[in-house]
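# Structural overview for review
Chain by chain, the residues:
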Amino acid sequence: MEFLLLGLFGAGLLACVFTDTSIVAAMVFGWCLFFGYGLWKGKSLREMAGFSLQGIRTVRNILITFLLIGILTAVWRASGSIAYIVYHAASFCAPSVMVLASFLLCSLISFLTGTAFGSAATIGVICMTMAASLGVPPLYTGGAVLAGVFFGDRCSPVSTSALLVSELTKTDLYSNISAMVKTALAPFLISCVLYWLLGLSAGDGGVSGGAQAVFEESYQLSALTLLPVAAVLVLSLLRVNVKYTLAVSSFLGILISVFLQEVSWTTLPALCVFGFHPEDPALAVFMDGGGIVSMARVFFIVCISSCYSGMFQGTGFLDGMQDGFQKLGKKITPFGAILTASVLSSAVSCNQTLAIMLTHQLCGQIEMSPKERAVSLENSAVVIAPLIPWSIAGAVPLAFVGAPLSSIALAFYLYLIPIWYFFAGRRSGR
(Lines give C-alpha, C1' and ligand atoms only; values in the text may rest on other atoms or scores of the structure.)
Protein backbone atom coordinates (compact mmCIF):
# COMPACT_ATOMS: atom_id res chain seq x y z
CA MET A 1 0.00 0.00 0.00
CA GLU A 2 2.79 2.42 0.94
CA PHE A 3 4.67 1.92 -2.33
CA LEU A 4 1.43 2.18 -4.29
CA LEU A 5 0.60 5.55 -2.70
CA LEU A 6 4.13 6.85 -3.31
CA GLY A 7 3.84 5.71 -6.91
CA LEU A 8 0.55 7.57 -7.34
CA PHE A 9 2.02 10.68 -5.76
CA GLY A 10 5.09 10.43 -8.01
CA ALA A 11 2.84 10.12 -11.05
CA GLY A 12 1.00 13.25 -9.94
CA LEU A 13 4.28 15.16 -9.61
CA LEU A 14 5.46 14.06 -13.05
CA ALA A 15 2.08 14.94 -14.57
CA CYS A 16 2.42 18.48 -13.22
CA VAL A 17 5.95 18.77 -14.59
CA PHE A 18 5.07 17.55 -18.08
CA THR A 19 1.83 19.54 -18.34
CA ASP A 20 3.39 22.70 -16.90
CA THR A 21 0.83 22.69 -14.07
CA SER A 22 1.66 24.21 -10.70
CA ILE A 23 3.31 21.67 -8.42
CA VAL A 24 0.92 22.82 -5.71
CA ALA A 25 -1.80 20.67 -7.31
CA ALA A 26 0.34 17.54 -6.87
CA MET A 27 1.15 18.53 -3.29
CA VAL A 28 -2.57 18.79 -2.44
CA PHE A 29 -3.16 15.45 -4.19
CA GLY A 30 -0.40 13.88 -2.10
CA TRP A 31 -1.83 15.30 1.10
CA CYS A 32 -5.20 13.70 0.28
CA LEU A 33 -3.50 10.35 -0.40
CA PHE A 34 -1.52 10.28 2.83
CA PHE A 35 -4.41 11.63 4.90
CA GLY A 36 -6.63 8.89 3.48
CA TYR A 37 -3.93 6.31 4.31
CA GLY A 38 -4.09 7.38 7.94
CA LEU A 39 -7.87 6.96 8.00
CA TRP A 40 -7.45 3.52 6.41
CA LYS A 41 -5.01 2.63 9.22
CA GLY A 42 -7.69 3.48 11.79
CA LYS A 43 -6.67 7.02 12.71
CA SER A 44 -9.41 9.56 13.33
CA LEU A 45 -9.91 12.81 11.42
CA ARG A 46 -8.83 14.70 14.53
CA GLU A 47 -5.63 12.66 14.85
CA MET A 48 -4.68 13.13 11.20
CA ALA A 49 -5.29 16.87 11.41
CA GLY A 50 -3.11 16.93 14.51
CA PHE A 51 -0.31 15.08 12.72
CA SER A 52 -0.46 17.64 9.90
CA LEU A 53 -0.27 20.59 12.29
CA GLN A 54 2.58 18.94 14.16
CA GLY A 55 4.55 18.78 10.93
CA ILE A 56 3.96 22.47 10.21
CA ARG A 57 5.15 23.43 13.69
CA THR A 58 8.53 21.85 13.00
CA VAL A 59 9.19 24.28 10.12
CA ARG A 60 7.70 27.49 11.52
CA ASN A 61 11.14 29.12 11.77
CA ILE A 62 11.78 28.31 8.11
CA LEU A 63 8.46 29.91 7.16
CA ILE A 64 9.33 33.10 9.03
CA THR A 65 12.71 33.16 7.29
CA PHE A 66 10.98 32.92 3.90
CA LEU A 67 8.91 36.01 4.65
CA LEU A 68 12.01 37.96 5.70
CA ILE A 69 13.88 36.87 2.57
CA GLY A 70 11.00 38.12 0.44
CA ILE A 71 11.23 41.55 2.08
CA LEU A 72 15.03 41.59 1.84
CA THR A 73 15.09 40.85 -1.88
CA ALA A 74 12.75 43.79 -2.55
CA VAL A 75 14.54 46.22 -0.23
CA TRP A 76 18.02 45.48 -1.61
CA ARG A 77 16.72 46.27 -5.08
CA ALA A 78 15.08 49.52 -4.01
CA SER A 79 17.96 50.74 -1.83
CA GLY A 80 20.59 50.41 -4.57
CA SER A 81 22.66 47.80 -2.71
CA ILE A 82 22.70 45.44 -5.66
CA ALA A 83 23.10 48.25 -8.19
CA TYR A 84 26.14 49.71 -6.39
CA ILE A 85 28.03 46.41 -6.32
CA VAL A 86 27.19 45.56 -9.92
CA TYR A 87 28.04 49.07 -11.13
CA HIS A 88 31.56 48.99 -9.69
CA ALA A 89 32.34 45.28 -10.03
CA ALA A 90 31.32 45.09 -13.70
CA SER A 91 34.33 47.19 -14.64
CA PHE A 92 36.68 44.48 -13.37
CA CYS A 93 34.88 41.37 -14.63
CA ALA A 94 34.89 39.73 -18.03
CA PRO A 95 32.21 37.35 -19.29
CA SER A 96 34.74 34.53 -19.58
CA VAL A 97 35.34 34.44 -15.79
CA MET A 98 31.89 35.46 -14.57
CA VAL A 99 30.50 31.93 -14.33
CA LEU A 100 33.45 30.72 -12.25
CA ALA A 101 33.37 33.91 -10.16
CA SER A 102 29.67 33.35 -9.44
CA PHE A 103 30.36 29.83 -8.19
CA LEU A 104 33.26 30.94 -5.97
CA LEU A 105 31.48 33.99 -4.55
CA CYS A 106 28.30 32.05 -3.77
CA SER A 107 30.39 29.28 -2.17
CA LEU A 108 32.17 31.81 0.04
CA ILE A 109 29.06 33.69 1.16
CA SER A 110 27.07 30.51 1.74
CA PHE A 111 29.90 29.19 3.90
CA LEU A 112 29.85 32.41 5.96
CA THR A 113 26.07 32.58 6.28
CA GLY A 114 25.20 28.88 6.28
CA THR A 115 22.03 29.37 4.25
CA ALA A 116 21.42 28.53 0.61
CA PHE A 117 18.26 30.60 0.30
CA GLY A 118 19.79 33.63 2.01
CA SER A 119 22.90 33.41 -0.16
CA ALA A 120 20.85 33.13 -3.34
CA ALA A 121 18.73 36.11 -2.34
CA THR A 122 21.83 38.25 -1.71
CA ILE A 123 25.08 37.39 -3.48
CA GLY A 124 23.21 35.17 -5.97
CA VAL A 125 21.07 38.07 -7.17
CA ILE A 126 24.17 40.26 -7.40
CA CYS A 127 26.07 37.68 -9.48
CA MET A 128 23.07 37.09 -11.73
CA THR A 129 22.56 40.81 -12.34
CA MET A 130 26.24 41.33 -13.04
CA ALA A 131 26.37 38.37 -15.42
CA ALA A 132 23.29 39.62 -17.26
CA SER A 133 24.92 43.01 -17.72
CA LEU A 134 27.90 41.23 -19.31
CA GLY A 135 25.76 39.15 -21.65
CA VAL A 136 26.37 35.80 -19.94
CA PRO A 137 23.44 33.38 -20.48
CA PRO A 138 21.24 33.02 -17.36
CA LEU A 139 21.38 29.25 -17.84
CA TYR A 140 25.13 29.24 -17.14
CA THR A 141 25.10 31.61 -14.19
CA GLY A 142 22.07 29.93 -12.65
CA GLY A 143 23.85 26.56 -12.52
CA ALA A 144 26.94 28.10 -10.91
CA VAL A 145 24.87 30.02 -8.36
CA LEU A 146 22.80 26.97 -7.42
CA ALA A 147 25.90 24.85 -6.88
CA GLY A 148 27.66 27.61 -4.95
CA VAL A 149 24.86 28.40 -2.51
CA PHE A 150 24.67 24.75 -1.46
CA PHE A 151 28.44 24.53 -0.92
CA GLY A 152 28.13 26.32 2.41
CA ASP A 153 24.69 24.90 3.15
CA ARG A 154 26.42 21.51 3.24
CA CYS A 155 29.54 22.24 5.31
CA SER A 156 29.24 25.59 7.08
CA PRO A 157 29.46 25.55 10.91
CA VAL A 158 26.35 27.77 10.97
CA SER A 159 24.36 25.73 8.45
CA THR A 160 21.02 24.44 9.68
CA SER A 161 21.45 21.38 7.44
CA ALA A 162 24.80 20.51 9.01
CA LEU A 163 23.36 21.06 12.48
CA LEU A 164 20.34 18.88 11.66
CA VAL A 165 22.54 16.01 10.43
CA SER A 166 24.72 16.32 13.52
CA GLU A 167 21.68 16.11 15.80
CA LEU A 168 20.09 13.20 13.94
CA THR A 169 23.27 11.12 13.97
CA LYS A 170 24.48 12.23 17.44
CA THR A 171 27.87 13.22 16.05
CA ASP A 172 30.23 16.16 16.49
CA LEU A 173 29.53 18.99 14.05
CA TYR A 174 33.14 20.03 13.48
CA SER A 175 34.28 16.44 13.04
CA ASN A 176 31.62 16.08 10.36
CA ILE A 177 32.77 19.29 8.65
CA SER A 178 36.36 18.02 8.55
CA ALA A 179 35.20 14.82 6.84
CA MET A 180 32.99 16.78 4.44
CA VAL A 181 35.87 19.01 3.37
CA LYS A 182 38.00 15.97 2.55
CA THR A 183 35.28 14.28 0.49
CA ALA A 184 34.45 17.51 -1.37
CA LEU A 185 37.94 18.63 -2.40
CA ALA A 186 38.11 16.77 -5.73
CA PRO A 187 34.48 17.58 -6.75
CA PHE A 188 35.07 21.25 -5.91
CA LEU A 189 38.24 21.51 -8.03
CA ILE A 190 36.62 19.66 -10.94
CA SER A 191 33.62 22.01 -10.70
CA CYS A 192 35.91 25.04 -10.88
CA VAL A 193 37.46 23.73 -14.09
CA LEU A 194 34.05 23.02 -15.60
CA TYR A 195 32.72 26.50 -14.76
CA TRP A 196 35.85 28.10 -16.18
CA LEU A 197 35.36 26.17 -19.44
CA LEU A 198 31.66 27.06 -19.43
CA GLY A 199 32.59 30.72 -19.04
CA LEU A 200 34.91 30.54 -22.03
CA SER A 201 32.01 29.37 -24.17
CA ALA A 202 30.11 32.49 -23.13
CA GLY A 203 32.56 34.59 -25.10
CA ASP A 204 34.57 37.62 -24.09
CA GLY A 205 32.74 40.54 -25.57
CA GLY A 206 33.86 42.98 -22.91
CA VAL A 207 31.86 44.91 -20.36
CA SER A 208 28.40 46.08 -21.28
CA GLY A 209 27.91 49.66 -20.19
CA GLY A 210 24.15 49.50 -20.57
CA ALA A 211 23.48 48.34 -17.01
CA GLN A 212 25.97 50.81 -15.55
CA ALA A 213 24.33 53.72 -17.36
CA VAL A 214 20.86 52.67 -16.19
CA PHE A 215 22.00 52.31 -12.58
CA GLU A 216 23.78 55.67 -12.66
CA GLU A 217 20.59 57.38 -13.82
CA SER A 218 18.25 55.56 -11.43
CA TYR A 219 20.16 55.48 -8.14
CA GLN A 220 22.32 57.55 -5.85
CA LEU A 221 25.31 55.23 -5.97
CA SER A 222 26.69 56.01 -2.54
CA ALA A 223 28.84 53.63 -0.47
CA LEU A 224 26.07 53.84 2.14
CA THR A 225 24.09 51.40 0.02
CA LEU A 226 26.54 48.71 1.11
CA LEU A 227 25.37 48.87 4.73
CA PRO A 228 22.61 46.21 4.29
CA VAL A 229 25.12 43.88 2.63
CA ALA A 230 27.75 44.53 5.31
CA ALA A 231 25.16 43.81 7.99
CA VAL A 232 24.52 40.34 6.57
CA LEU A 233 28.24 39.51 6.46
CA VAL A 234 29.10 40.87 9.91
CA LEU A 235 26.11 39.40 11.73
CA SER A 236 26.63 36.03 10.01
CA LEU A 237 30.26 35.95 11.15
CA LEU A 238 29.05 36.72 14.68
CA ARG A 239 26.62 33.79 14.33
CA VAL A 240 23.56 35.93 14.94
CA ASN A 241 20.30 34.12 14.24
CA VAL A 242 19.50 34.34 10.54
CA LYS A 243 16.06 35.83 11.20
CA TYR A 244 17.57 38.75 13.11
CA THR A 245 20.28 39.15 10.48
CA LEU A 246 17.73 39.43 7.68
CA ALA A 247 15.56 41.78 9.72
CA VAL A 248 18.45 44.16 10.49
CA SER A 249 19.60 44.19 6.87
CA SER A 250 16.06 44.89 5.67
CA PHE A 251 15.62 47.73 8.16
CA LEU A 252 18.87 49.37 7.02
CA GLY A 253 17.80 48.92 3.41
CA ILE A 254 14.47 50.62 4.11
CA LEU A 255 16.20 53.61 5.70
CA ILE A 256 18.55 53.96 2.72
CA SER A 257 15.66 53.58 0.28
CA VAL A 258 13.76 56.42 1.95
CA PHE A 259 16.53 58.89 2.79
CA LEU A 260 18.98 58.25 -0.07
CA GLN A 261 16.92 56.88 -2.96
CA GLU A 262 13.87 59.03 -2.05
CA VAL A 263 11.40 56.16 -1.92
CA SER A 264 8.16 57.36 -0.33
CA TRP A 265 7.25 56.03 3.11
CA THR A 266 3.74 55.36 1.87
CA THR A 267 4.99 52.93 -0.77
CA LEU A 268 7.04 50.81 1.66
CA PRO A 269 4.24 48.38 2.61
CA ALA A 270 3.55 47.65 -1.07
CA LEU A 271 7.30 47.35 -1.71
CA CYS A 272 7.75 44.75 1.03
CA VAL A 273 4.66 42.77 0.09
CA PHE A 274 4.59 42.97 -3.72
CA GLY A 275 8.26 43.63 -4.50
CA PHE A 276 10.23 46.30 -6.33
CA HIS A 277 8.73 47.15 -9.72
CA PRO A 278 10.42 50.24 -11.24
CA GLU A 279 8.57 52.23 -13.87
CA ASP A 280 11.65 52.49 -16.07
CA PRO A 281 11.58 49.40 -18.36
CA ALA A 282 15.36 49.45 -18.71
CA LEU A 283 15.82 49.28 -14.93
CA ALA A 284 13.08 46.67 -14.56
CA VAL A 285 15.07 44.28 -16.73
CA PHE A 286 17.71 44.06 -13.99
CA MET A 287 15.87 44.92 -10.78
CA ASP A 288 12.21 43.88 -10.97
CA GLY A 289 11.18 41.33 -8.32
CA GLY A 290 11.22 40.36 -4.66
CA GLY A 291 8.59 40.85 -1.97
CA ILE A 292 6.57 38.56 0.28
CA VAL A 293 4.25 37.64 -2.59
CA SER A 294 7.19 36.11 -4.46
CA MET A 295 7.48 33.61 -1.59
CA ALA A 296 3.79 32.63 -1.49
CA ARG A 297 4.17 29.51 -3.61
CA VAL A 298 7.19 28.16 -1.74
CA PHE A 299 5.53 29.06 1.58
CA PHE A 300 2.55 26.88 0.72
CA ILE A 301 4.69 24.02 -0.57
CA VAL A 302 6.72 23.91 2.65
CA CYS A 303 3.54 23.99 4.75
CA ILE A 304 1.88 21.10 2.97
CA SER A 305 5.03 18.99 2.58
CA SER A 306 5.75 19.38 6.30
CA CYS A 307 2.29 17.91 6.87
CA TYR A 308 3.60 14.77 5.15
CA SER A 309 6.34 14.43 7.75
CA GLY A 310 3.87 14.61 10.62
CA MET A 311 1.51 12.12 8.99
CA PHE A 312 4.33 9.70 8.09
CA GLN A 313 5.55 9.70 11.67
CA GLY A 314 2.08 9.40 13.19
CA THR A 315 0.93 6.55 10.93
CA GLY A 316 4.20 4.62 10.63
CA PHE A 317 4.03 5.04 6.85
CA LEU A 318 7.76 4.44 6.32
CA ASP A 319 8.31 1.59 8.77
CA GLY A 320 7.80 -1.17 6.23
CA MET A 321 10.39 0.31 3.83
CA GLN A 322 13.32 0.22 6.23
CA ASP A 323 13.97 -3.51 5.74
CA GLY A 324 14.04 -3.01 1.98
CA PHE A 325 16.76 -0.35 2.20
CA GLN A 326 18.75 -2.47 4.64
CA LYS A 327 18.81 -5.31 2.08
CA LEU A 328 19.66 -2.86 -0.68
CA GLY A 329 22.62 -1.61 1.34
CA LYS A 330 24.14 -5.09 1.31
CA LYS A 331 23.93 -5.20 -2.48
CA ILE A 332 25.05 -1.74 -3.59
CA THR A 333 26.94 -0.54 -0.45
CA PRO A 334 25.39 1.32 2.47
CA PHE A 335 25.96 4.71 0.83
CA GLY A 336 24.33 3.44 -2.37
CA ALA A 337 21.19 2.62 -0.37
CA ILE A 338 21.25 6.00 1.39
CA LEU A 339 21.71 7.75 -1.94
CA THR A 340 18.70 5.88 -3.38
CA ALA A 341 16.63 6.75 -0.32
CA SER A 342 17.65 10.40 -0.60
CA VAL A 343 16.35 10.60 -4.17
CA LEU A 344 13.01 9.13 -3.09
CA SER A 345 12.82 11.34 0.01
CA SER A 346 13.72 14.49 -1.91
CA ALA A 347 11.10 13.73 -4.56
CA VAL A 348 8.38 13.17 -1.97
CA SER A 349 9.22 15.87 0.56
CA CYS A 350 9.96 18.60 -2.01
CA ASN A 351 12.31 20.35 0.42
CA GLN A 352 15.72 19.70 1.91
CA THR A 353 14.93 19.57 5.63
CA LEU A 354 12.33 16.84 5.31
CA ALA A 355 14.46 14.99 2.76
CA ILE A 356 17.26 14.71 5.33
CA MET A 357 14.90 13.53 8.05
CA LEU A 358 13.11 10.98 5.86
CA THR A 359 16.38 9.59 4.47
CA HIS A 360 17.72 9.13 7.99
CA GLN A 361 14.50 7.42 9.03
CA LEU A 362 14.44 5.10 6.02
CA CYS A 363 18.07 4.04 6.44
CA GLY A 364 18.20 3.89 10.23
CA GLN A 365 18.79 0.12 10.24
CA ILE A 366 21.74 0.12 7.84
CA GLU A 367 24.90 -0.90 9.68
CA MET A 368 27.49 1.88 9.71
CA SER A 369 29.15 4.15 12.25
CA PRO A 370 27.41 7.40 13.26
CA LYS A 371 30.19 9.43 11.62
CA GLU A 372 29.85 7.52 8.34
CA ARG A 373 26.08 7.97 8.48
CA ALA A 374 26.49 11.73 8.99
CA VAL A 375 28.86 12.12 6.03
CA SER A 376 26.63 9.90 3.89
CA LEU A 377 23.62 12.10 4.63
CA GLU A 378 25.62 15.23 3.79
CA ASN A 379 26.79 13.70 0.51
CA SER A 380 23.32 12.53 -0.49
CA ALA A 381 20.14 14.17 0.83
CA VAL A 382 21.69 17.61 1.36
CA VAL A 383 22.88 17.92 -2.25
CA ILE A 384 20.27 15.75 -3.99
CA ALA A 385 17.28 17.82 -2.81
CA PRO A 386 18.14 20.87 -4.98
CA LEU A 387 18.46 18.64 -8.06
CA ILE A 388 14.80 17.57 -7.97
CA PRO A 389 13.01 19.89 -10.44
CA TRP A 390 9.86 20.27 -8.35
CA SER A 391 11.68 20.65 -5.02
CA ILE A 392 11.82 24.13 -3.51
CA ALA A 393 15.45 23.43 -2.55
CA GLY A 394 16.53 24.16 -6.13
CA ALA A 395 13.51 25.95 -7.59
CA VAL A 396 13.47 28.75 -4.99
CA PRO A 397 17.12 29.85 -5.30
CA LEU A 398 16.76 29.85 -9.09
CA ALA A 399 13.55 31.86 -8.81
CA PHE A 400 15.33 34.37 -6.55
CA VAL A 401 18.02 35.05 -9.13
CA GLY A 402 15.75 34.80 -12.18
CA ALA A 403 17.44 31.76 -13.71
CA PRO A 404 15.60 29.03 -15.67
CA LEU A 405 14.84 25.72 -13.97
CA SER A 406 17.01 24.01 -16.57
CA SER A 407 20.04 25.51 -14.77
CA ILE A 408 19.81 22.48 -12.48
CA ALA A 409 21.58 20.55 -15.24
CA LEU A 410 24.67 22.78 -14.83
CA ALA A 411 24.94 22.55 -11.03
CA PHE A 412 28.03 20.36 -11.49
CA TYR A 413 29.21 20.37 -7.87
CA LEU A 414 25.94 18.89 -6.62
CA TYR A 415 26.22 15.95 -9.00
CA LEU A 416 29.91 15.33 -8.42
CA ILE A 417 29.68 15.08 -4.61
CA PRO A 418 27.55 11.87 -4.45
CA ILE A 419 29.12 10.35 -7.59
CA TRP A 420 32.66 10.85 -6.28
CA TYR A 421 31.82 9.57 -2.79
CA PHE A 422 30.01 6.51 -4.15
CA PHE A 423 32.87 5.34 -6.36
CA ALA A 424 35.50 6.26 -3.78
CA GLY A 425 33.57 4.17 -1.28
CA ARG A 426 33.44 1.17 -3.61
CA ARG A 427 37.20 1.32 -4.09
CA SER A 428 37.80 1.44 -0.33
CA GLY A 429 35.16 -1.20 0.40
CA ARG A 430 32.95 1.26 2.28
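Because the structure is predicted, anything quoted here is derived from the model rather than measured.

Let us now look at the overall build of the protein chain. Secondary structure assignment for the protein chain yields 23 helices and 0 strands. For a compact globule of 430 residues, the expected C-alpha radius of gyration is about 22 Å, and the protein chain comes in at 22 Å, within 12% of that figure. The dimensions of the protein chain, computed from C-alpha atoms along their principal axes, are 65 × 50 × 45 Å. Considering the protein chain as a whole, with its 430 residues, one finds that 56% of them fall into the buried category. The contacts in the protein chain between residues at least 6 apart in sequence include a share of 79% that link residues at least 24 apart. As displayed, the protein chain has an accessible area near 17,600 Å², and 68% of this comes from carbon and sulfur atoms. Here the protein chain contributes 20 positive and 18 negative side-chain charges, whose respective centroids are spaced 16 Å apart.

What follows is about the environment of L405. Within the fold, L405 resides in the loop between helix 22 (392-401) and helix 23 (412-428). L405 sits in the partly exposed class, given a relative accessible area of 42%. In the structure, L405 is positioned 29 residues away from S376 in sequence and 27 Å away in space, judged by C-alpha atoms.

Next up on the list: the nonpolar core. In terms of nonpolar packing, the biggest core is built from 145 residues, with F34, Y195, F215, M287, F317, F400 and Y413 touching the most fellow members. The residues contacting F317, other than those within four sequence positions of it, are E2, L5, L6, F34, Y37 and F312.

Turning next to unusual backbone geometry. For K170, which is not glycine, the phi torsion reads 55° and is therefore positive. Its location among the elements puts K170 in the loop between helix 9 (160-169) and helix 10 (173-201). Since its relative accessible area comes to 72%, K170 is described here as exposed.

Attention shifts here to the packing of helix 8 (residues 138-155) against helix 10. Two elements in contact, helix 8 and helix 10, have axes whose closest approach is 11 Å; the angle formed by their N-to-C orientations is 170°. Judged by the inter-axis angle, helix 8 sits roughly antiparallel to helix 10. Residue-level contacts link Y140, G143, A144, A147, F151, R154 and C155 of helix 8 to I177, M180, T183, A184, F188, Y195, L198 and S201 of helix 10. Classifying every residue of the contact of helix 8 with helix 10 gives 11 nonpolar, 3 polar and 1 charged.

Within the secondary structure, T129 is located in helix 7 (residues 116-133). T129 sits in the buried class, given a relative accessible area of 6%.

What follows deals with the environment of Q361. Note on placement: Q361 falls in helix 19 (residues 352-362). What makes Q361 partly exposed here is its relative accessible area of 27%. C-alpha separation for the pair Q361 and L168, spaced 193 residues apart in sequence, amounts to 9.4 Å. Beyond its immediate stretch of four places on either side in the chain, Q361 contacts L318, D319 and Q322.

It is worth spelling out the packing of helix 3 (residues 45-57) against helix 16 (residues 296-315) at this point. Helix-helix packing is characterised by the crossing angle of the two axes and by the distance between the axes. Interaxial distance between helix 3 and helix 16 falls to 6 Å at its minimum, and their mutual angle equals 125°. With respect to their mutual orientation, helix 3 and helix 16 come out oblique. Remark: the crossing between helix 3 and helix 16 carries right-handed chirality. Residues M48, F51, S52, G55 and I56 of helix 3 lie in contact with helix 16, whose contacting residues are C303, S306, C307, G310, M311, G314 and T315.

This paragraph deals with the packing of aromatic side chains. The geometry of an aromatic ring pair is captured by two quantities: the separation of the ring centres and the angle between the planes. In this structure the tally under the stated criterion is 21 aromatic pairs. Taking 5.6 Å as the distance between ring centres and 70° as the angle between the ring planes, the aromatic pair formed by F9 and F34 counts as edge-to-face. Residue F9 is found in helix 1 (residues 2-18), and its partner F34 is found in helix 2 (residues 23-40); the two are separated by 25 residues along the sequence. For F34, a relative accessible area of 1% corresponds to the buried category. Ring pairs connect the aromatic residues F9, F34, Y37, W40, Y308, F312 and F317, which therefore count as one cluster.

Thresholds applied
- Residues numbered from 1 in each chain as written.
- Predicted model: local features only at pLDDT ≥ 70, side-chain atom pairs only at ≥ 80, totals over all residues.
- Heavy atoms only, no water.
- Helix = DSSP H or I, 4+ residues; strand = E, 2+ residues; numbered from the N terminus.
- Rg over C-alpha atoms; globule rule 2.2 N^0.38 Å.
- Buried < 20%, exposed > 50% of the residue type's maximum accessible area, 1.4 Å probe, protein only.
- Contact = heavy atoms within 4.5 Å.
- Areas by Shrake-Rupley, 256 points an atom, 1.4 Å probe, with all protein chains shown as cover.
- Lys, Arg positive; Asp, Glu negative; His and termini not counted.
- Charge placed at Lys NZ, Arg CZ, Asp CG, Glu CD.
- Core = buried A, V, L, I, M, F, W, Y, C linked by side-chain atoms within 4.5 Å.
- Axes fitted to C-alpha atoms, helices over the stretch in contact; angles between N-to-C directions.
- Parallel < 35°, antiparallel > 145°, perpendicular 65-115°, else oblique.
- Nonpolar A, V, L, I, M, F, W, Y, C, P; charged D, E, K, R; others polar.
- Left-handed = near helix turned anticlockwise from the far one by under 90°.
- Phe/Tyr/Trp six-rings, centres within 6.5 Å; stacked < 30°, edge-to-face > 60°.

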